[in-house]
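Residue strings, one per chain:
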Amino acid sequence: MATMAQAIRMALHYGETHLGVTDVFGEDVGPPLGGVFTASQGLKTAWNSPLDERGIIGTAIGLALAGQRPVAEIQFGDYIFNTIDLLKLAGNTCWASMGQYNLPMVVTTIVGAGIHGSIYHSHSFESMAAHIPGWKIVLPSRPIDAYGLMISAIKDNNPTMYMYPKALIRVKGKDLIPGEPADERELKKMIDAPPGPTLYDIIDVRSRWEPQWPEGLTDYQVPIGKARIHREGADISVITYARHVFLAEKAAEILKEENGIDVEIVDMRTLYPWDRETVFNSIRKTGRCLVLNEDTPVCNFGEHILRTIVDECFYELTAKPRLLAGVDVPGVGLHPAYEEASVPQINDIVRELRGICGEEP
Amino acid sequence: MATMAQAIRMALHYGETHLGVTDVFGEDVGPPLGGVFTASQGLKTAWNSPLDERGIIGTAIGLALAGQRPVAEIQFGDYIFNTIDLLKLAGNTCWASMGQYNLPMVVTTIVGAGIHGSIYHSHSFESMAAHIPGWKIVLPSRPIDAYGLMISAIKDNNPTMYMYPKALIRVKGKDLIPGEPADERELKKMIDAPPGPTLYDIIDVRSRWEPQWPEGLTDYQVPIGKARIHREGADISVITYARHVFLAEKAAEILKEENGIDVEIVDMRTLYPWDRETVFNSIRKTGRCLVLNEDTPVCNFGEHILRTIVDECFYELTAKPRLLAGVDVPGVGLHPAYEEASVPQINDIVRELRGICGEEP
Amino acid sequence: MDKELKVKILDLMIEARCMEERMVKMSKSTDGFFWLGGVGEEAFNVPLGLLAKRGHGLDYDFFHFHYRNGATMIALGMDPADELRQMHNRVTDPFSGGRNFCNHYVRKAWNVVPVTSTIQTQCSVAPGTARAQKRHGGDGITIVTFGDAGTAEGDFHVGLNWSTLPKWELPLLWICTNNAYGISTPYDEVHGQEHIANIVAGYGIPTKVINGNDVEESYNALKEAMDYCRTERKPYYLEAMVSRLHGHSSSSGANRVPDGLEADPLFVWIDRLVAEEVIEKDYFDKKYAAETQRMKDLLAEVRKEPAPTAADVFKHIYAEA
Amino acid sequence: MDKELKVKILDLMIEARCMEERMVKMSKSTDGFFWLGGVGEEAFNVPLGLLAKRGHGLDYDFFHFHYRNGATMIALGMDPADELRQMHNRVTDPFSGGRNFCNHYVRKAWNVVPVTSTIQTQCSVAPGTARAQKRHGGDGITIVTFGDAGTAEGDFHVGLNWSTLPKWELPLLWICTNNAYGISTPYDEVHGQEHIANIVAGYGIPTKVINGNDVEESYNALKEAMDYCRTERKPYYLEAMVSRLHGHSSSSGANRVPDGLEADPLFVWIDRLVAEEVIEKDYFDKKYAAETQRMKDLLAEVRKEPAPTAADVFKHIYAEA
Ligand SMILES: Cc1ncc(C[n+]2csc(CCOP(=O)(O)OP(=O)(O)O)c2C)c(N)n1
Ligand SMILES: Cc1ncc(C[n+]2csc(CCOP(=O)(O)OP(=O)(O)O)c2C)c(N)n1
Ligand SMILES: [Mg+2]
Ligand SMILES: [Mg+2]
């Protein structure tokens, strides 16, 4: 099965050949590298930008104003924070112009910890992003969702922030993307650019390389605004996304085994506008909930979810709802002891879930 | 009594003469204007920076690294959003260097709606600011707090975000700042720079002007991290700050009059690290709470407060806690119909308070 | 420049001036909350509008204006009533439905992209439209305007850099209207270069500094600059020294600056045309009176138009599907 | 340059090289997660450290490094064990207690301010320390280093502008080590100017482009540049063309680039010193073997030092009161 990087690459290929994508650009996004996480290898519209995030976002806005459909990459979510004013402008363009201009642009960026990225390659961005009105925001956890959400993001006529988790970028999916060859080695041979020991070798070998795109790719979409139940359960709902879907899954197995507690896991997929119905239905069913993510905890996106749950489901809750997020420190430190104590781990999730389920109202 | 602008000015004067403040700078902060809101008139360390927020924050960091004590102004909170990466760096400097470097710097900026400021002179910043670890954040509502918090911010050895509300900058206080002359006309004559019909006149007349600072100014401090009870009440707690302290006060009067409901108002003053004790005590007393501010509602600072209240006081609440914040739109529109429908007004507060008090658990 | 064109420019300058003066008055009454605009830049801004290629799409010019381009919009053909609508924040304001400050234009039919209050961000955005035009071909160009103080922002460098990338030099006309102030801060206090153009030259972009209070000099320089961008498909930088006759904005009173301290390009032009016997001595007085009255009448009509309502707040957060 | 100095520079270059090579190895084992550093910049970076004025406070130089200044730190007197501590993220790492990537130095006693991962932000910060020095007087200067690609960021303009303000020209030495790449993107693809220096010259800052693989050229240019900043109290810009011998970082393998494609400044220098008969032919082999062994031994010691624990996470969020 495709990895998330391959899924994104195929969706971008579909976008540039079928959906009018004109530019896929950013730092090291074009040849020879095709993105530091390989998500834009072999694309005919991919190009290398200057090392300048403000220029990348600004140019994406300008291209969209001119009727193009750009997909702009910020190499790491950690480096998007010098563009917040521009993101705000992109988000208010339609509203401030009374609907005259809308911006069909996608910004992609990789987020989160889990690869020993130290202080500046571990950042989350969802809490700040969701605070900026006018954007749609997605953050898939599985290759198939990564594909389907990219197609939806490209088709959407609004600025869309497409984040994806560093820790899952090379993880293979369990579901075949429509059109994807069943044999993953074949896929690799078709669309992964050949490696080389140094940049010089890579430049050399790739100058003669052309991808062979699978022919049956479709416009398979995951609609923006639709969550999914990753695991059904009766006793408590975990509302989460990205990497923590799978950490929650491991925790759920432990709880099943050791406590007989049946955990439901909601993978939000879209963070804005989010799927209130799926989230509320799950919580109404279980009466308990844990909101889970790895961003820092003050003005955390999960606090927004939690507040909304209190608003909508307060009298249906049988235990107080909780947030488990990253700790309130200025960065994720390099040594694993730092990272493990900063970002929710399986044990932490187990402990929180047990706590909530053990609570007497 | 002094206005907030005068209070800040006096505190900065005290800072540059007694507390080692070396630089008060920003766009139009020096002569002749002394700040577009007059908060730095007559200061001997005030100077005009280039029109460049990144340079302002960067230089403040550099000055602080060199052992200076800068106070840097961003002319409007609306224009701070291109510096978030630098604010994050300032906030992680101490932690990332294992305590080697700390940054004794203050960033001041004016925030909020209420002066028909349209899309780009009405922004709130507290939600994003509070999401950045390593900073202390204050936002006074009264001139005396503005003075006392500025003294504390200057003395603090950490980066401090000192916000103040546009709508209250010219409102006079009810409490005399220690050292402030009792006659407000006298104060005006002493420390307000003379006006002029045009910039040319202002330059001319101010080139011959010198302020006469009140002699008895003290290092009166409002400790960072201490809220205050603005109005005592028994039935419901409003947790708020800045302009909404006074809007809540008006709403409280209406509720007293019309419903016999006794509202307690907590003016947080410090947003980070905030005064959990005062907030929780109030809520434990009343059993009900409304968190109130004007920032947009997704990942709103009030959601953080609310989540913490749910964490700490859930089983003591007799009604579900609520947030009343600005609406989720990309800006505050210019026409009053927009502004009134975007930012909580007295009527909205009354309605929410009645709703919570009328709610049956 | 023929006689007809000279008078046309004069007429447009008067029209723009009267519109702005009406707005200044509105800002001092209950008709408007805040004014800022381009009084003192008309000699440059009118030729800019006249020479541009107005229309929709990549074959036409894209405009990334700042908040002093009212005269350019007039020269492009804007009905001044539209600007009064914005000033009076009517829902009929065709640019922002009463949401934004005056002089914050948006007109998609003319490629006028949204004027934003954030100084200099237009310099990071403009390479986007210009890049689309470079790829498209034709002779449409992107025009971006800004003040002198704003060039301190990093976005200025961003824009210059992106317009000079190898193989992607962009048909982008950079225009700085240098009035020697940023609000209250004099140019000489915060710029170490005699002209901003000195910096721009380092990128390899052709530059020219002109007297923006001179209609003919402005017209000719703009023509040359636009021709270059249109045919070479490369960037060009023009710095026009201009006046700021009503100060920065209504925040500082918007009063007319003391006589003689800043040249008034309108009177410079009138004097020239009178001396050249292109117009009669009383031409201006008549025209000015008529335009003043016209603006008054337009405002009277605009006042009757509907205001936004609370329900309008939520319109257009997202694009219609 | 006397013989003694020549050999001293050589020794430091070898020491730095061996330290970095040890770290490259560590990044391929369980001893470290990630490497990036300055292999290929030693001919420039060692003289930089030797010529600087090391100490604490405004009378000494301030350093705003990027992540390729290991050789400069060695020349300033750093014990390579400290760098291995950071690479091995020990809590004994004196720069960040095991929190940050290697080559992210901080040493307050030497005015080495925190190296940040965010490219080019140091250019917006450096004017702050330089401004304090300008006010203070003396001959301390601020030195800031960065790569070629990073100059595309707006912060580059910000820094250049703030260092040339009227009456506040700053004693600030701008240093670009130009290795012709930003990760995988060649200089020629994203820069329209032959040298970044072309842009800088527009600000009125003296500039010089040199061969950073040549020790003597580097030493002399640095001396001249520093003298200028120290005595004139004004900015200067130096662009050193350098090599990147192990690629960008361990993300792309950190393998040694194919022979002959990039000059190795260490061998250039050895060949010169052998030709000049300053050293014997086998000098390098011996020294290199000894330093390689020393780094191995240091690492063995460092490995025994304690790792951070969960409790360390919350230390130093705020300054001690
Ligand atoms: C990013 C940003 N910072 C600050 C402001 C506040 N502001 C509005 S206009 C202005 C001065 C602009 O001066 P200049 O660029 O010379 O243009 P001018 O007004 O003189 O035409 C300032 C500081 C702003 N609008 N945006
Ligand atoms: C603001 C920011 N954007 C992107 C990155 C990711 N990044 C790290 S190094 C690098 C390339 C830097 O190239 P250059 O400035 O030439 O320095 P060199 O590595 O060649 O010495 C990039 C893009 C970053 N660290 N910071
Ligand atoms: Mg100006
Ligand atoms: Mg480089």
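Note that the structure is predicted; figures quoted are calculated from it, not measured.

A. Focus on the UniProt feature "domain: Transketolase-like pyrimidine-binding" (unreviewed entry) in chain A. On the UniProt side, "domain: Transketolase-like pyrimidine-binding" (unreviewed entry) is annotated at positions that read residues 2-171 of chain A here. Between the end C-alpha atoms of residues 2-171 of chain A the distance is 8 Å, and the span holds 35% helix and 16% strand.

B. Quick peek at the packing of helix α1 (residues 3-27) of chain D against helix α9 (residues 215-232) of chain D. All names here are of chain D. The N-to-C vectors of α1 and α9 enclose an angle of 105°; their axes lie 12 Å apart at closest approach. In terms of axis orientation, α1 runs roughly perpendicular to α9. When α1 is examined against α9, the residues L5, K6, I9 and M13 are found in contact with a partner set consisting of V215, E216 and Y219. Grouping the amino acids of the contact of α1 with α9 by side-chain chemistry returns five nonpolar, no polar and two charged.

C. Spotlight on the relation of the copies chain A and chain B. The operation relating chain A to chain B is a screw motion whose rotation component is 180°, with 0.0 Å of axial translation and a residual RMSD of 0.0 Å. Such values leave the two copies arranged in the relation of a two-fold axis. Looking at chain A, 100% of its interface residues are interface residues in chain B too, so the copies touch through the same face.

D. Seen up close, the interface of chain A and chain D. Contacts between the two partners involve 38 residues from chain A, matched on the other side by 38 residues from chain D. Taken over both partners, the interface formed by chain A and chain D buries close to 3,100 Å², and the fraction arising from carbon and sulfur atoms is 65%. Looking only at chain A, the three residues that lose the most surface to chain D are L51, Y200 and Y338 of chain A, adding up to 24% of its buried area. Inspection of the region where chain A meets chain D yields zero salt bridges. On the surface where chain A and chain D come into contact, there are nine residue pairs in polar contact (both at pLDDT 80 or more). Contributing elements (two or more residues each) for the side of chain A that touches chain D: α7 (199-206) and α11 (336-342) of chain A. Sorting elements by how many residues they give to the side of chain A that touches chain D places α11 of chain A first, with five residues. A class-by-class count of the residues in the side of chain A that touches chain D yields 21 nonpolar, 12 polar and five charged.

E. Summary view of the coordination of the magnesium ion (ligand 4). Residues and elements named next belong to chain D. Distances from the magnesium ion (ligand 4) to its protein donors, D148 (OD), N179 (OD1) and Y181 (O), fall at 2.0 to 2.1 Å. Of note, the donors binding the magnesium ion (ligand 4) are all from one chain and are spaced D-x30-N-x1-Y. Neither N179 nor Y181 differs from the other in exposure class; each is buried.

F. Quick look at the interface of chain A and chain B. Tallying the contact residues gives 52 residues for chain A and 52 residues for chain B. Interface area, chain A with chain B, both sides summed: about 4,700 Å², of which 66% is carbon and sulfur. Interface area lost by chain A to chain B is led by W95, H131 and P330 of chain A, which between them contribute 15%. For the pair chain A and chain B, the number of links is two salt bridges. Two residues, E303 of chain B and R307 of chain A, come together in a salt bridge whose shortest N-O distance is 2.7 Å. Contributing elements (two or more residues each) for the side of chain A that touches chain B: α3 (84-96), α4 (126-130), α10 (301-313) and β12 (322-324) of chain A. Split into classes, the residues belonging to the side of chain A that touches chain B amount to 29 nonpolar, 11 polar and 12 charged.

G. View of the confidence of the model for chain A. Residues at a pLDDT of 70 or more form 99% of chain A, whose mean pLDDT is 97. No element of chain A has a lower mean pLDDT than α7 of chain A, which averages 96, and none a higher one than helix α2 (residues 53-65) of chain A, which averages 99.

H. Fine view of the environment of D259 of chain C. Residue and element names in this part refer to chain C. If you trace the backbone, D259 turns up in the loop between β9 (236-241) and α10 (265-275). Given a relative accessible area of 73%, D259 falls into the exposed group. Expressed as a C-alpha distance, the spacing of D259 and L245, which sit 14 residues apart in the sequence, is 9.4 Å.

I. Region of the structure containing the site of ligand 2. Around ligand 2, 21 residues are found, and the nearest of them are E53 of chain A together with Y67, R68, G150 and N179 of chain D. Looking at what sits near ligand 2, you find residues from chains A and D. With respect to ligand 2, the backbone of S117 of chain D contributes an N or O atom lying 2.8 Å from a nitrogen atom. Measuring from an oxygen atom of ligand 2, one finds a backbone N or O atom of Y181 of chain D at 2.8 Å. Notes on ligand 2: free accessible area 580 Å², of which the protein chains cover 96%. A class-by-class count of the residues in the shell around ligand 2 yields seven nonpolar, nine polar and five charged.

About the criteria used
Residues numbered from 1 in each chain as written. Chains lettered and ligands numbered in written order. Predicted model: local features only at pLDDT ≥ 70, side-chain atom pairs only at ≥ 80, totals over all residues. Heavy atoms only, no water. UniProt positions renumbered as here; feature names shortened; annotations may be inferred. Helix = DSSP H or I, 4+ residues; strand = E, 2+ residues; numbered from the N terminus. Axes fitted to C-alpha atoms, helices over the stretch in contact; angles between N-to-C directions. Parallel < 35°, antiparallel > 145°, perpendicular 65-115°, else oblique. Contact = heavy atoms within 4.5 Å. Nonpolar A, V, L, I, M, F, W, Y, C, P; charged D, E, K, R; others polar. Least-squares fit on C-alpha atoms with pLDDT ≥ 70 in both. Buried area = accessible area lost by both parts, 1.4 Å probe. Salt bridge = Lys/Arg side-chain N within 4 Å of Asp/Glu carboxyl O. Polar contact = N/O pair within 3.5 Å; in protein donor to acceptor, adjacent residues only side chain to side chain. Donors = N, O, S within 2.8 Å, 3.2 Å for Na, K, Ca; no water. Buried < 20%, exposed > 50% of the residue type's maximum accessible area, 1.4 Å probe, protein only. pLDDT = per-residue confidence, 0-100. Near = heavy atom within 4 Å. Areas by Shrake-Rupley, 256 points an atom, 1.4 Å probe, with all protein chains shown as cover.

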